Amino acid sequence: MSHANTTAGVPEVIRASIIGASGYAGGELLRLLGGHPRVRVVQATSRSNAGAPVQSVHPHLRLPRSRLGDGLPLQFTAPPGEGGGTFEACDVMFLCQPHGVAATKIEQYAQAAPRIIDLSADFRLRDAAAYRQWYDQAHPAPAWLDRFVYGLAELERTRLRGARYASGVGCNATAMNLALLPLARQGWIERAICDIKVGSSEAGSEPSPSSHHAARTGVVRTFSPTRHRHEGEVRQQLMQERAFELHSTITSVELVRGVLCTAHVLLNRDVTEKDVWQAFRGAYGEEPFVRIVKDKTGQHRHPEPKILAGTNWCDVGFEVEPGARRVVAFAALDNLMKGAAGSAVQCMNLMFGLDETMGLEFGGLYPL
């Protein structure tokens, strides 16, 4: 399988605009795009930091020369339509705003940019009724839902190639999707219960009582015992041919970056470990950013999110319980990367016909 695609008319230098660039996902986009060989960031907006250099908020972007601002220190500008802010001419616009904002301004954004990647939840679900079910409100722009391609390359690579609009992905949904995908494709799942542990950065960069250090340190806190809204993405993506029972529980642990999904999967048939190996290799054998981690011995024999910090990798694995029709499937990832900015850049590469790994080659650090 080739993961590169050549599209005529792609500019030699792709001009990227980031609307809402002062949050964690925006900072990761600035880091990735600043090192991307085909991209120059021409605009990074922030309502509260307009006029300040980006490194004042993202200190890891203190770079001597960068594609951020033609080698000059890039400054935040006011959002378009606020405080004198205007749109810069761009080839792709990344939207990193709170959920609910992009949908109310999508017509305006679409006039300003030929391609849009929205990292919020606004366009992840294709069905307006499903959006109402999971987000408890009517969608502000239902006519736009079908125009966006769900932004997980492992599930929608063909549709993403050449697409104009791509949604973001839920970080928890991505872990669930990639843990369950090999088994769902085989039609083996009767019931799946996903126990998900997440780091504090999932809550975003805005402080809250629950994310304050004194209240957060040393804590293991379940904050979504049932029906997390990211389940809607999994149902949409994995139940198109055969539905199965799905439940999830999300627990915050003392970790900054990372998601670990431990999925207890009850099957509708007996399977062997060889059967499951074949299912996982069939799903991921040629995927550029999914690794099967399953060793018989050693400290790191199952997927771990910590060693994936800053990378676009998702590590998956499994254990088969003999005689029980039960498989425990794992998926670990960095919620700000494969669960947000990394997948967005992977989408951009596909949309422009580039090698989808471009700008995403960082392999991680250990120890960390």
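This section reports on the structure supplied with the text.

About the cut-offs
Residues numbered from 1 in each chain as written. Predicted model: local features only at pLDDT ≥ 70, side-chain atom pairs only at ≥ 80, totals over all residues. Heavy atoms only, no water. Buried < 20%, exposed > 50% of the residue type's maximum accessible area, 1.4 Å probe, protein only. Helix = DSSP H or I, 4+ residues; strand = E, 2+ residues; numbered from the N terminus. Pairing = 2+ DSSP bridges. Axes fitted to C-alpha atoms, helices over the stretch in contact; angles between N-to-C directions. Parallel < 35°, antiparallel > 145°, perpendicular 65-115°, else oblique. Left-handed = near helix turned anticlockwise from the far one by under 90°. Contact = heavy atoms within 4.5 Å. Nonpolar A, V, L, I, M, F, W, Y, C, P; charged D, E, K, R; others polar. Patch = residues over 30% accessible without salt bridge, like charges linked within 9 Å, V, L, I, M, F, W, Y side chains within 5 Å. Areas by Shrake-Rupley, 256 points an atom, 1.4 Å probe, with all protein chains shown as cover. Salt bridge = Lys/Arg side-chain N within 4 Å of Asp/Glu carboxyl O. Core = buried A, V, L, I, M, F, W, Y, C linked by side-chain atoms within 4.5 Å.

## A few points about the pairing of strand β11 (residues 314–321)
Counting buried positions along β11 yields six of eight residues, so the element is predominantly enclosed. Taken together, the eight bridges between β11 and strand β12 (residues 326–333) define a ladder with antiparallel strand orientation. In the sheet register, glutamate 319 faces β12, and the bridge partner there is valine 328. Between the end of β11 and the start of β12, which pair antiparallel, lie four residues, with glycine 323 showing a positive phi angle near 70°.

## Describing the packing of helix α4 (residues 153–160) against helix α9 (residues 337–351)
Contact geometry for α4 and α9: axes closest at 10 Å, N-to-C directions at 25°. Taken together, α4 and α9 sit at an angle that is classed as roughly parallel. Note that α4 runs across α9; the crossing there is right-handed. The residues of α9 that touch α4, namely those facing Ala153, Glu154, Arg157 and Leu160, are Lys338, Gln346, Cys347, Leu350 and Met351. Broken down by class, the residue content of the contact of α4 with α9 amounts to five nonpolar, one polar and three charged.

## Remarks on a nonpolar patch on the surface
Taken together, Phe362, Leu365 and Leu368 make up a surface patch of nonpolar side chains, about 290 Å² in accessible area. Among the structural elements, leucine 365 can be located in the segment after α9.

## A word on the nonpolar core
With 47 residues, the main nonpolar core has Leu180, Phe244 and Val276 as its most contacted residues. Secondary structure elements with two or more residues in this core: α5 (171–186), β6 (189–198), α7 (231–238), β8 (245–252), β9 (259–267), α8 (273–284), β11 and β12. Those residues in contact with leucine 180 that lie beyond four places of it in its chain are Ile189, Ala192, Cys194, Val234, Leu238, Phe244, Leu246, Ala263 and Val265.

## Digging into the sheet that holds strand β1 (residues 14–19)
Read across the sheet, five strands follow the order β2-β1-β3-β4-β5 without closing on themselves; strand pairing throughout is parallel. Pairing within the sheet leaves two strands with one partner each, and these edge strands are β2 (39–44) and β5 (165–167). Along the sheet, successive strands turn relative to each other by an average axial angle of 20°, direction set aside. Along the sheet, helix α1 (residues 24–34) contacts β1, β2 and β3 (92–95); its crossing angle with β1, the most-contacted strand, is approximately 165°.

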